[in-house]
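Reading the structure
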Amino acid sequence: MNKKELPPSSIFPTRPRRRWQHQFFTGWVLFLLFHSAYGQTAKDCHCLIKGVVKDRETRQPIVGAILRIEGTSFFATTDTSGRYKIDQICQGKYTLECRIVGYKIIKTSIVLEHSAEEDLNLREDEVHLQDVEIVARRIQTPLSQKSSLLEGQALDLTRGETLGDALKKISGVTTLQTGASISKPVIHGLHSNRVVIMNNGIRQEGQQWGSEHAPEIDPFIAKRLTVVKGAAGVRYGSDAIAGVILVEPDELPKTPRLSGEVNAAAFSNGRIGVVSGTLQGGLPQWKGWAWRIQGTLKNGGNIRTPDYFMANTGVRENNFSVTTGYRSSRFGVEAFFSQFVNNIGIFSGSHIGSTSDLLNVIKNGEPFIKTDFTRNIERPNQLILHNLLKGKAFYNFNGNRLSWTVGRQFNRRAEYDLHGPQASTTPALLFRITTLTSDLVLDHKPLGNGKMSGQLGLSGLYQYNFTDGRPLIPDFEQTNIGVFGLERWVFQHWELEAGARFDWRQLDVFRFIGSTPDPRHHSFNNGSGTVGVVYTPDEKLSFRANFGTAWRPPTPNELYSKGVHHGAASYEEGDETLRPEIAYNLIGSVEYTGQRFKGELGMYHNQISDFIYLKPQAEPILTIRGAFPYFKYTQTDATFTGFDLDTQWDIIPKHFSHNLKLSYLRAYDRREQGYLVFIPANRIENELRWNVGKVFSSKDTYVTLSHLWVDKQRRVPPNSDFMEPPSAYHLWNINIGGILSLKESSQLHWTFAVQNALNTSYRDYLNRFRYFATEQGRNISLKLRYTF
């Protein structure tokens, strides 16, 4: 056998050679691994990353942020200075990630050779968690009384309209109108001084006694409108017999990020244009401080009924407000100033020279004066200025909160008559009222294992009013002091509420008879009270009941007015023997909230002794300024009984729904055994809503079709007015809207609406100018709201 034929195993011993090769190979690999590992540890894995994490806006360090190197187990968290360090990292290319709740995640690439310093600035982010409903127990509104809220999209739909028109979206609330531009809220048939309006925490005080004196409030200030129905005299003042309207702005921002919104609205009827803007933010170097500025411009011309233009019904308005404040967990302060200025044209067709002409206009139902469209505002008109300065401070201690709110308001109302030298700039009637208010409230800490909470308060008001020009109401000065206490007890399914208040009011009237002073002094005092209960057997059903008393002393105009009230186109006369009104209010409601159906029925009975109202006289009156409907203040014993029904039915959940609002009211004069005048008629409003969803670039697109039916007011005394109550009417309205997302943090909300789509000709019983003209016709509007 030659060598080539020999098997390998016969040439080389098999086992000794394989063992040697294996040992050599293993040793070599270990050497390489060891060398490699030693080389990296000693040379390449000594790198580190460090830096500081800060808030991008405030430049303040962020504590607790997590920094992680993707694909590795290396991480670190920031300390109290916002600093971090990750070491013992090998050379290479990495991605560093930083995250913390409330901020956007940030990632950055790093090529690491030795060490790197990487400072990061995080931007705040909105955190969307699962919806959580938080029910606050802070005493803001009476718990056992029905309250309705208007906010969000429902409030956006009213942008550009008056405050009174916005509140009409709430069942049980109507408006007392003077023409198309002036409206004031009516709750369950009661209005003016019986409805307390809290404007950003300050009791709104102007010349609210007049039917054409609308609240001097810019509706764009409000982010929420809350209506408390029923006597709420304990918390907000003895004269809140009808209820309370809370006009609430947003809280000042908690971060220094600049934000705001711009609103624009255009209306075809009157060719009204409205622009309003809000800008707010914080002070980066002064943590806790924040500010907000807001302003509105409005311009409109003559309003058109379906058949003609109403002469001299234009409006000009410019308003602004400034807010700043500091807030911490222990204490806070806030300052707010607003100015409301408007020029309102008073319908020229309401001022008539003779009694026969006045009766002919009322009989024919059309004004003598008809005109074309113009933006010019002539006589008669009103120039109104209202300034509000507010200061507020609170201090939290041992679970208690002590808050003090002070306000100063100045209201100047100049009324220009139709008659008189046109070149004159002197108003025929000038009112200047100044009001100082102060409210000191202690919210005590929960007692009795947290089941009992409440507050004690002391309220003060000092007010004086000067009148120049022809006499209508005299100068006066009044002072009011009130003390109150309100407590709540919460059990498993029951909540009880009780409160009491006592008020003193002094009124000094500086009247002249001819040129002879004839001063008058009035002193009033009385108590108010409330007791109520809420029963919630399960999460779907709740019952409320409340009994309250309130009282209201007569106002100077009810006691002493005498003369032509040009703004209301009427002659009004007071009665100095009037007594205070005493009201007993019983209100109850039941609310059901199911998966697809939600409904609330509220019932009320309000009995008012010595109810004061403006009673039409048998005949108009002729004065040197023309002929006017003649009214006298008188009083009787009255009852107001009725109910409000609200339902929402999701026919196809999230897509198609139906809303119903029904209001029924019956006002009765118990002395005369008949009915009262100027009471809102019963009404029903139905709305169908289709949530379309995304349409092109518009998301949350919707379409609504609503129908309002207002009955004829049949419950009136026979021959009690200069004109029979108008017929029932139907109105159809359409709204289409949606949201356009422009950038990451900005949106454009749009709404296209048609009110009175069928251009129906009608009159409303609560419009003081229904004697002279019909209501406005079709009105098409486009509203835009840009938020950033």
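Rules and cut-offs
- Residues numbered from 1 in each chain as written.
- Predicted model: local features only at pLDDT ≥ 70, side-chain atom pairs only at ≥ 80, totals over all residues.
- Heavy atoms only, no water.
- Helix = DSSP H or I, 4+ residues; strand = E, 2+ residues; numbered from the N terminus.
- Rg over C-alpha atoms; globule rule 2.2 N^0.38 Å.
- Buried < 20%, exposed > 50% of the residue type's maximum accessible area, 1.4 Å probe, protein only.
- Contact = heavy atoms within 4.5 Å.
- Areas by Shrake-Rupley, 256 points an atom, 1.4 Å probe, with all protein chains shown as cover.
- Lys, Arg positive; Asp, Glu negative; His and termini not counted.
- Charge placed at Lys NZ, Arg CZ, Asp CG, Glu CD.
- 1 Å grid on protein atoms, 1.4 Å probe; cavity = no way out; pocket = protein on both sides within 12 Å on 5 of 7 lines; lining within 4 Å.
- Points joined across faces, edges and corners; volume = space filled by probe spheres on them.
- Nonpolar A, V, L, I, M, F, W, Y, C, P; charged D, E, K, R; others polar.
- Phe/Tyr/Trp six-rings, centres within 6.5 Å; stacked < 30°, edge-to-face > 60°.
- Lys NZ or Arg CZ within 6 Å of the ring centre and 35° of its normal.
- Pairing = 2+ DSSP bridges.
- Core = buried A, V, L, I, M, F, W, Y, C linked by side-chain atoms within 4.5 Å.
- Salt bridge = Lys/Arg side-chain N within 4 Å of Asp/Glu carboxyl O.
- Polar contact = N/O pair within 3.5 Å; in protein donor to acceptor, adjacent residues only side chain to side chain.
- Patch = residues over 30% accessible without salt bridge, like charges linked within 9 Å, V, L, I, M, F, W, Y side chains within 5 Å.

1. Brief notes about the overall build of the chain
Counting secondary structure elements, the chain contains seven helices and 47 strands. In terms of C-alpha radius of gyration, the chain reaches 36 Å, well past the compact-globule figure of 28 Å for 788 residues. Considered along the principal axes of its C-alpha atoms, the chain spans approximately 150 × 60 × 55 Å. For the chain, buried positions account for 50% of its 788 residues. By sequence separation, contacts in the chain at least 24 residues apart represent 65% of the contacts at least 6 residues apart. When the accessible area of the chain is evaluated, it comes to approximately 37,600 Å², of which 57% is carbon and sulfur surface. Here the chain contributes 90 positive and 77 negative side-chain charges, whose respective centroids are spaced 7 Å apart.

2. With respect to unusual backbone geometry
At the junction of R379 and P380, the peptide bond is cis and its omega measures out at -5° in the coordinates. Relative to the helices and strands, P380 resides in the loop between helix 6 (355–364) and strand 24 (381–397). Positive phi, close to 55°, is recorded for F696, a residue that is not glycine. Relative to the helices and strands, F696 resides in the loop between strand 43 (683–695) and strand 44 (698–710).

3. Re the layout of surface pockets
Estimated volume of the second largest pocket: approximately 480 Å³. What lines the second largest pocket is a set of 21 residues, and nearest its centre among them are P471, P474, R511, F512 and Y560. Where the lining of the second largest pocket is concerned, the elements lending two or more residues are strand 27 (452–469), strand 30 (512–513) and helix 7 (556–560). Take the lining of the second largest pocket: its biggest share by element is three residues, from strand 27. Counted by class, the lining of the second largest pocket contains nine nonpolar, four polar and eight charged residues.

4. Remarks on the packing of aromatic side chains
On inspection of all chains with the given rule, the structure shows 25 aromatic pairs. Ring plane angle 45° and centroid distance 5.7 Å describe the contact between W289 and Y326, whose orientation is recorded as tilted. Taken as a pair, W289 in strand 19 (residues 286–300) and Y326 in strand 22 (residues 315–327) lie far apart in primary sequence, 37 residues in all. For W289, a relative accessible area of 28% gives the class partly exposed. Relative to Y613, the ring of F611 lies with its centre 6.0 Å away and its plane at 15°, an arrangement referred to as stacked. Among the aromatic side chains, those forming a connected cluster through ring pairs are F347, F631, F678, F722, Y765, F769, Y771 and F772. We note R304 situated over the ring of F309; from NZ or CZ to the ring centre the distance is 5.1 Å. The ring of Y702 carries the charged tip of R689 above its face, separated from the ring centre by 4.3 Å.

5. Quick notes on the pairing of strand 33 (residues 541–552)
Strand direction decides the pairing type here: strand 32 (residues 520–538) and strand 33, joined by eight bridges, are antiparallel. Each residue of the ladder has a partner; that of V533, found in strand 33, is A545. Count of turn residues in the strand 32/strand 33 antiparallel hairpin: two residues. When strand 33 meets strand 36 (residues 581–593), the two strands line up antiparallel, connected through 12 bridges. Within the sheet, the bridge partner assigned to W551 lies in strand 36 and is I582.

6. Here's the deal with the nonpolar core
Of all hydrophobic cores here, the largest spans 71 residues; its most connected members are L225, F640 and F772. If one sorts the elements of this core by residue count, strand 37 (residues 597–616) sits on top with six residues. Discounting chain neighbours no more than four positions away, the residues touching F772 are Y308, F347, G349, S350, I352, L358, V361, G365, E366, P367, A569 and R763. Within the second largest apolar cluster, 20 residues are counted, among which are I62, L67, L120 and L122.

7. What to know about the sheet that holds strand 12 (residues 190–191)
With antiparallel pairing, three strands are arranged side by side in an open sheet as 10-11-12. Of all the strands in the sheet, just strand 10 (173–178) and strand 12 have a single pairing partner and so form its edges. One ladder, built from two bridges, connects strand 11 (residues 182–187) with strand 12; its direction is antiparallel. Among the inter-strand pairings, V186 is bridged to a residue of strand 12, identified as H191.

8. A short note on the environment of G738
Note on placement: G738 falls in strand 45 (residues 729–743). Its relative accessible area of 6% is what places G738 among the buried residues. Once the C-alpha coordinates of G738 and A550 are considered, the two residues, 188 residues apart in sequence, prove to be 44 Å apart. What G738 contacts, discounting residues up to four positions off in sequence, is S698, K699, D700, T701, Y702, L748, H749 and W750.

9. Brief notes about the pattern of salt bridges
Applying the stated criterion across every chain yields a total of 32 salt bridges. R99 is paired through a salt bridge with E97; the nearest N and O atoms lie 3.0 Å apart. For E97, a relative accessible area of 4% translates into the label buried. With a closest N to O distance of 3.5 Å, E161 and K783 form a salt bridge. Taken as a pair, E161 in the loop between helix 3 (152–156) and helix 4 (163–167) and K783 in strand 47 (residues 779–787) lie far apart in primary sequence, 622 residues in all. We classify K783 as buried; its relative accessible area is 7%.

10. Some thoughts on the side chain of N480
You can see N480 is positioned in strand 28 (residues 475–490). With a relative accessible area of 9%, N480 lands in the buried category. There is a polar contact of 3.0 Å between the side chain of N480 and the side chain of D503. Among residues more than four places away in sequence, those in contact with N480 are S459, G460, L461, D503, W504 and R505.

11. Digging into a nonpolar patch on the surface
A contiguous nonpolar surface patch, about 870 Å² in accessible area, is contributed by F331, Y395, L402, W404, L440, L458, I481, V483, F502 and W504. Going through the elements one at a time, strand 25 (400–416), strand 28 and strand 29 (494–510) are the ones with two or more residues in the nonpolar patch. For I481, the position within the fold is in strand 28.

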